[in-house]
Amino acid sequence: MNILSQPWPWYISGPLIGLMVPLLLIMGNKTFGISSSLRHICAACFPSNITFFQYNWRAQSWNLIFAFGIVLGGFVAGYFFANPNLIELSENAVAELNSLGIKNHEGLFPQELFSLHSLFTLKGFIVMVVGGFFVGFGTRYAGGCTSGHSIMGMSNLQLPSLIATICFFVGGLVMTWFILPFILSL
Amino acid sequence: MSKTKYLILGFLFGIILIKAEVVSWFRIQEMFHFQSFHMYGVIGSAVVVGIISILIIKKFNIKTIDGEPIQIESKSFSKGNIIGGLIFGFGWALTGACPGPLYALVGSGALIVLVVLFSAVVGTLTYGALKDKLPH
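Because the structure is predicted, anything quoted here is derived from the model rather than measured.

1. Considerations on the interface of chain A and chain B
At step 1: The interface of chain A with chain B comprises 128 residues on the first partner and 107 residues on the second.
At step 2: Broken down residue by residue, the surface that chain A buries against chain B is led by A:Trp10, A:Leu108 and A:Tyr141, which jointly contribute 8%.
At step 3: Taken together, the links from chain A to chain B amount to zero salt bridges.
At step 4: Summed over the shared surface of chain A and chain B, the number is 31 residue pairs in polar contact (both at pLDDT 80 or more).
At step 5: Tallied by class, the residues present in the side of chain A that touches chain B amount to 81 nonpolar, 40 polar and seven charged.

Dropping the structure here:
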């Protein structure tokens, strides 16, 4: 069972993620994508007169079921197959994180940044609440996320998906290099 | 119609996301600092497998298990791909997560990530409300 508690290298996990594309197509003619589930949640939970959310979300319920499956998979992997060791970051990354003031590298994300206590600090609020808002707003405005555009769209050689993916990276680079260091210093 | 298959596929995807560590804020920072090949390897090899799969499906005219012809809608370009893409990029670097990993992290017991997920829902809600006023 060692293979389940060890992290999986990119050449195992990457192809497995890629296989989601043909599996969803063959099993049910569905195109891989996660961020649409956020729209379905809006349509299902917040009835409003906004036209964007007036559609039959039940017809797209497979996407919500898939998302719920991810939660269950996360539960099993997180509770039963969790990696007991620190993530093997590159030495440069460890030094970089330390210099940014992120000293605790246990778990999957920095505990000092993502906690209930941190939520009531300016930097914690920006990282979690503003960051989450950007994820939900940006993916829908872009018409997809890393799965819908970067994996599904690019697998189908769609130019808009390549453009979106490049913009995901440009946005991430600008935030990481020019804005995040300032936010973390707050 | 059975929708259990989507639950199973999502379940497997959730496990892969955690084991690949692509749900990790640390890994995303490492990626944007170009300090490791890991994330590029994951995304790159996923796309290669996806491209080959779709080529095979199209070439051999493979049908779904229900015998339907497989249809993949083309994506049409909009300015949103650029503006929305940049905004999502900001969020990706801040939270270290895209929507799939948000679900996986919540499942893994990181309940604080519910805050991020809820905020993402509010973001989507806001986009829906402002859609007609935004450039597309």
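Having put the structure on the table, let's press on.
2. Observations regarding the domain arrangement of chain A
Residue and element names in this part refer to chain A.
At step 1: Looking at the assigned domains, one finds that chain A contains domain 1 (1–85) and domain 2 (88–186).
At step 2: For domain 1 and domain 2, the distance between their C-alpha centroids amounts to 19 Å.
At step 3: The interface is formed by 12 residues belonging to domain 1 together with 10 residues belonging to domain 2.
At step 4: Between domain 1 and domain 2, a total of about 820 Å² is buried, with carbon and sulfur atoms accounting for 75% of that surface.
At step 5: For the domain 1 face of the interface with domain 2, the top three residues by lost area are Val 21, Phe 32 and Ser 35, together amounting to 51%.
At step 6: Inspection of the region where domain 1 meets domain 2 yields zero salt bridges.
At step 7: At the boundary of domain 1 with domain 2, the tally comes to two residue pairs in polar contact (both at pLDDT 80 or more).
At step 8: Of all the secondary structure elements, the ones that give two or more residues to the side of domain 1 that touches domain 2 are helix 2 (10–28) and helix 3 (36–45).
At step 9: Grouping the amino acids of the side of domain 1 that touches domain 2 by side-chain chemistry returns seven nonpolar, four polar and one charged.

3. Looking at the nonpolar core
At step 1: A:Phe32, A:Phe66 and B:Trp92 are the most contacted members of the largest nonpolar core, which has 94 residues in total.
At step 2: Residue contributions to this core reach at least three from each of two domains, namely domain 1 (1–85) and domain 2 (88–186) of chain A.
At step 3: What A:Phe32 contacts, discounting residues up to four positions off in sequence, is A:Met20, A:Val21, A:Leu24, A:Phe66, A:Ser147, A:Gly148, A:Ile151, A:Met152 and B:Phe13.

About the cut-offs
- Residues numbered from 1 in each chain as written.
- Chains lettered and ligands numbered in written order.
- Predicted model: local features only at pLDDT ≥ 70, side-chain atom pairs only at ≥ 80, totals over all residues.
- Heavy atoms only, no water.
- Contact = heavy atoms within 4.5 Å.
- Buried area = accessible area lost by both parts, 1.4 Å probe.
- Salt bridge = Lys/Arg side-chain N within 4 Å of Asp/Glu carboxyl O.
- Polar contact = N/O pair within 3.5 Å; in protein donor to acceptor, adjacent residues only side chain to side chain.
- Nonpolar A, V, L, I, M, F, W, Y, C, P; charged D, E, K, R; others polar.
- Domains from an automatic or database assignment.
- Helix = DSSP H or I, 4+ residues; strand = E, 2+ residues; numbered from the N terminus.
- Core = buried A, V, L, I, M, F, W, Y, C linked by side-chain atoms within 4.5 Å.
- Buried < 20%, exposed > 50% of the residue type's maximum accessible area, 1.4 Å probe, protein only.

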